[in-house]
Amino acid sequence: MSAELVKRFGSTYNPGQTIFKEGDHAEEMFIIHQGQVNISKRARNAEQILATLRDGEFFGEMALFTDSPRSATATVAVESTILRIDKKSFDYMVNGNTAFAVNMIRKLCERLRNADNQISELLVFSRETRVLKAMSAYWNQEGHKDASGEVLLLPYLGFCEYLKKTYGITVEDANQSLLKLRNQNLLHIRKDLSGRQYVSFSPKIFEYFNIV
């Protein structure tokens, strides 16, 4: 992205700053020059993160094609430089830059495909299976192995918060699902010497459920 475009349209946003909220009136789209933005939507009394966007990605583009209000909330995750593009500027960029137009079409197709996959999971998978999928994703972020190297561990409270934010599963529902999985001897809830709770399980759990 050219320095001229960044200078003309770019602004610096701080972590935690809301760019727009679900239901807001919409008149422009945004392009991330540098940084990270979480796109979230209210579901089941929880704010569920739908996507985390990074350098070069765009969001809010539907405002340029429809008169509908914002369908999700955009929140800055880290200090970011973001370009704000109104409809007139967008038309100019599309007409004058074929690569920009093609990249946008590809991204839109990718998002439609991901949306279809998410809808399929919600329709087909049980809550317990979604919890297992979340265990796989969260372990890649915050998990570690025990001293033997054969048991995987997840911070219990952190995992419950992750389920709430990412999957819209409340702490109460998460506890019920974890209890069901524990009763099936698929995982255990344990404490370390300092009293911190962990979800412990074998990596074979993912093979059993064909999660990964």
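How each quantity is defined
Residues numbered from 1 in each chain as written. Predicted model: local features only at pLDDT ≥ 70, side-chain atom pairs only at ≥ 80, totals over all residues. Heavy atoms only, no water. Salt bridge = Lys/Arg side-chain N within 4 Å of Asp/Glu carboxyl O. Helix = DSSP H or I, 4+ residues; strand = E, 2+ residues; numbered from the N terminus. Pairing = 2+ DSSP bridges. Contact = heavy atoms within 4.5 Å. Axes fitted to C-alpha atoms, helices over the stretch in contact; angles between N-to-C directions. Phe/Tyr/Trp six-rings, centres within 6.5 Å; stacked < 30°, edge-to-face > 60°. Buried < 20%, exposed > 50% of the residue type's maximum accessible area, 1.4 Å probe, protein only. Lys NZ or Arg CZ within 6 Å of the ring centre and 35° of its normal.

Across all of its chains, the model carries five salt bridges by this definition. A salt bridge links Arg84 to Glu28; the nearest nitrogen and oxygen atoms lie 3.6 Å apart. Taken together, the residues Arg84 in strand β6 (residues 73–86) and Glu28 in strand β3 (residues 28–43) connect sequence positions 56 residues apart. Here the residues in one salt-bridge network are Glu28, Arg70 and Arg84, joined through shared partners.

Let us look at the sheet that holds strand β9 (residues 188–191). One open sheet holds the four strands; their spatial order is β7-β8-β10-β9, and the pairing between them is antiparallel. Looking at strand neighbours, the two that pair on one side only are β7 (144–145) and β9, the edges of this open sheet. Against the sheet, helix α4 (residues 127–142) makes contact with β7, β8 (152–155) and β10 (197–201), and its axis sits at roughly 85 degrees relative to β8, the strand it touches most.

Turning our attention to the packing of aromatic side chains. In the structure shown here, the tally under the stated rule is six aromatic pairs. Summarising the aromatic geometry, the rings of Phe20 and Phe30 are spaced 5.8 Å apart at their centres and angled 35 degrees between planes, so their arrangement reads as tilted. Residue Phe20 is located in strand β2 (residues 18–20), and its partner Phe30 is located in strand β3; the two are separated by 10 residues in the primary sequence. Residue class for Phe20 comes out buried when judged on its relative accessible area of 9%. Residues Phe20 and Phe59 carry aromatic rings whose centres are separated by 6.0 Å and whose planes lie at 45 degrees to one another, so their mutual orientation is tilted. With Phe20 in strand β2 and Phe59 in strand β5 (residues 58–59), the pair connects residues that are 39 residues apart, well separated along the chain. Each residue in the set Phe20, Phe30 and Phe59 is aromatic and connected to the rest through ring pairs, giving one cluster. Sitting over the face of the ring of Phe20, Arg70 holds its NZ or CZ atom 4.1 Å from the ring centroid.

Read these as geometric descriptors, not functional statements.
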